[in-house]
Amino acid sequence: MKIKSLLKRNFNHQPRLNYPDYKSSILRAPVRKKISLPSTISEICGPVFNCDIIGKYDNDLTLNFSKNKSSPLGHKILIYGTVKDQFSNPIEGALLEIWQANASGKYLHPNDNTLAPIDPNFAGCGRYITKPNGSYEFTTIQPGPYPYPNRGIEWRPMHIHFSIFGRSFGQRLITQMYFEGDPLIKLCPMVNSIPDEKAISSLISTLDTSRSSSKNILAYKFDIILRGINQTYFENKKEGL
Amino acid sequence: MEPFKKKYEETPFQTAGPYLHIGCMPNYLGINGIYKNDIGIMPFPNKISEELITITGSVFDGNEEALDDVFLETWQSDTNGKYFENHGFARFIPNKITKKYSLITIKPGSVENFDGIKQSPHILLSISSRGLNMSLNTRIYFEDDDLTGDPLLSTVKNVRNDVSSLIAKKIGNNTYSFDIFLQGDKETIFLDI
């Protein structure tokens, strides 16, 4: 008999749900402790997405919404890395979906009331399915920081949102990637809801000059780790033996 | 076989924020022409209407206000309790005016776990939104099924007496109601899966 189970989540490495410095969490974060349960087949076996959903420009945000071959404003960046599990196995076929503000810090979204201008050539959405070695890459523009109401007006550091599916519902991850050297990172309550410094640093992409040289593009590396899945084998014992 | 040794910590979550529709359901938002279809519109596209059920409800915050900026994802088996990698996943959000979501799907079957023990029919549900630093996980069971032998419900009952927040109520022909309370006296049971 083969039993698969997800590695238990290390909540010291995850953000606090109840984090009043982030005001929106006050009325939304559950108060009672989550009930911890062993994985069942339901948490392990999918969903998995087919490569045929991905269009040619889905991972190039500088092209996938451009009109008449006009470029969006801002400087071009390459975001790349690998998706692996906690045992360091690359995850093939992981679906990454990203969304971000434009160079002025504006989202193409009806709920974004900031005064910054929209960019007619930039939607800010992209997706990708990882290669057999777990690798992914996006071409986009540097998102701007932007103000939002929290404890008065505060500024979000430059960031890109990532939604990731591995091979199972229990591996699901939604996070944000930040940029090395941004002074707004350490002021951000959403970042600081993570109690562990090392965990925070794992969300900060690093500048990679070796891939930045060609094509007028700055490269940033961001690796993603999803939960590991253990497999254990048990002998089926017969009654009375 | 010995379990492998963990080498890395899982990447931390961050809130999905208020603008996740851009990345996860752009066509719904009116950003057309990039993705042909949004993912998870129909969990089982080939089913006919007689086979379908509707699950409807709202997500409430600590003031018992129904939210319209939450994002829900579900994952389930087919009616025979079999999982298919490409079918059974759905994404949806509450209606802006009624503040109610509605999931149109098929009734899941009783699912046999790795150890051979049957689980009662259920749907996995994950909730993400602005104000939630991590996505929340729970399960939807159905009140008209036999729930007595379900291992998860039995375990949860040992910790909390009342498991009714995990059970959808039948409110009509093939229609169920399932509300989610993020906080307060009626706080839903959330699971560390």
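Residues numbered from 1 in each chain as written. Chains lettered and ligands numbered in written order. Predicted model: local features only at pLDDT ≥ 70, side-chain atom pairs only at ≥ 80, totals over all residues.

Asker: In this structure, what is going on with the overall build of chain B? I would like to understand it.
Answerer: Looking only at helices and strands, chain B features three helices and 13 strands. Whereas a compact globule of 193 residues would reach a radius of gyration of roughly 16 Å, chain B reaches 17 Å, a difference of no more than 12%. Taken over the C-alpha atoms alone, chain B extends approximately 50 × 45 × 35 Å along its principal axes. When contacts within chain B are restricted to residue pairs at least 6 apart in sequence, long-range pairs at least 24 apart make up 64% of them. (Helix = DSSP H or I, 4+ residues; strand = E, 2+ residues; numbered from the N terminus. Rg over C-alpha atoms; globule rule 2.2 N^0.38 Å. Contact = placed C-beta atoms within 7 Å.)

Asker: Please clarify how the overall build of chain A should be interpreted in this entry.
Answerer: When its secondary structure is counted, chain A shows three helices and 14 strands. Projecting the C-alpha coordinates of chain A onto the three principal axes gives extents of approximately 75 × 40 × 35 Å. The buried share of chain A, taken over its 241 residues, is 45%. In chain A, 73% of the contacts between residues at least 6 apart in sequence involve partners at least 24 apart. (Buried ≥ 20, exposed ≤ 12 C-beta atoms within 10 Å, placed from the backbone.)

Asker: Sorry if this is basic, but what is going on with the sheet that holds strand β11 (residues 175–177) of chain B here?
Answerer: Backbone hydrogen bonds are what pair the strands of a sheet, in a parallel or an antiparallel way. All names here are of chain B. Spatially, β4-β3-β8-β9-β10-β11-β1-β5 is the arrangement adopted by the eight strands of the open sheet, whose pairing is mixed. Bordering the open sheet on either side are β4 (89–92) and β5 (101–106), each of which pairs with just one other strand. Between one strand axis and the next, the sheet turns through 30 degrees on average, direction left out of account. Pairing geometry for strand β10 (residues 167–172) and β11, over three bridges, is antiparallel. The residue bridging Lys170 from the neighbouring strand is Tyr176, located in β11. (Pairing = 2+ DSSP bridges. Axes fitted to C-alpha atoms, helices over the stretch in contact; angles between N-to-C directions.)

Asker: I would appreciate a short explanation of the interface of chain B and chain A in the present structure.
Answerer: Interfaces are frequently sized by the accessible area removed from exposure as the parts join. Listed as interface residues are 66 residues of chain B and, on the opposing side, 76 residues of chain A. Sorting the residues of the side of chain B that touches chain A by element identifies α1 (21–24), α2 (26–29), β8 (123–129), α3 (151–159) and β13 (191–192) of chain B as the ones contributing at least two each. Taken together, the residues of the side of chain B that touches chain A sort by class into 34 nonpolar, 21 polar and eleven charged. Here two bridges tie strand β2 (residues 35–36) of chain A to β13(B), and the two strands are oriented parallel to one another. Opposite A:Ile35, over in β13(B), you have B:Leu191 as the bridge partner. (Nonpolar A, V, L, I, M, F, W, Y, C, P; charged D, E, K, R; others polar.)

Asker: So what exactly am I meant to see when it comes to the nonpolar core here?
Answerer: Side chains of nonpolar character tend, in soluble globular proteins, to be buried together. The biggest cluster of nonpolar side chains holds 92 residues, and the ones touching the most others in it are A:Ala94, A:Leu96, A:Ile164, B:Ile22 and B:Ile127. Setting aside chain neighbours within four positions, we find B:Ile22 in contact with A:Trp99, A:Tyr107, A:Leu108, A:His109, A:Ala123, A:Gly124, A:Cys125, B:Leu29 and B:Ile31. (Core = buried A, V, L, I, M, F, W, Y, C linked by C-beta atoms within 7 Å.)

Asker: Help me understand the confidence of the model for chain B in this model?
Answerer: Keep in mind that low pLDDT regions are not for reading the predicted coordinates in detail. In the predicted model, chain B carries a mean pLDDT of 95, and 98% of its residues have values of at least 70. Interface scoring of the predicted complex returns ipTM 0.96; its pTM is 0.96. (pLDDT = per-residue confidence, 0-100.)

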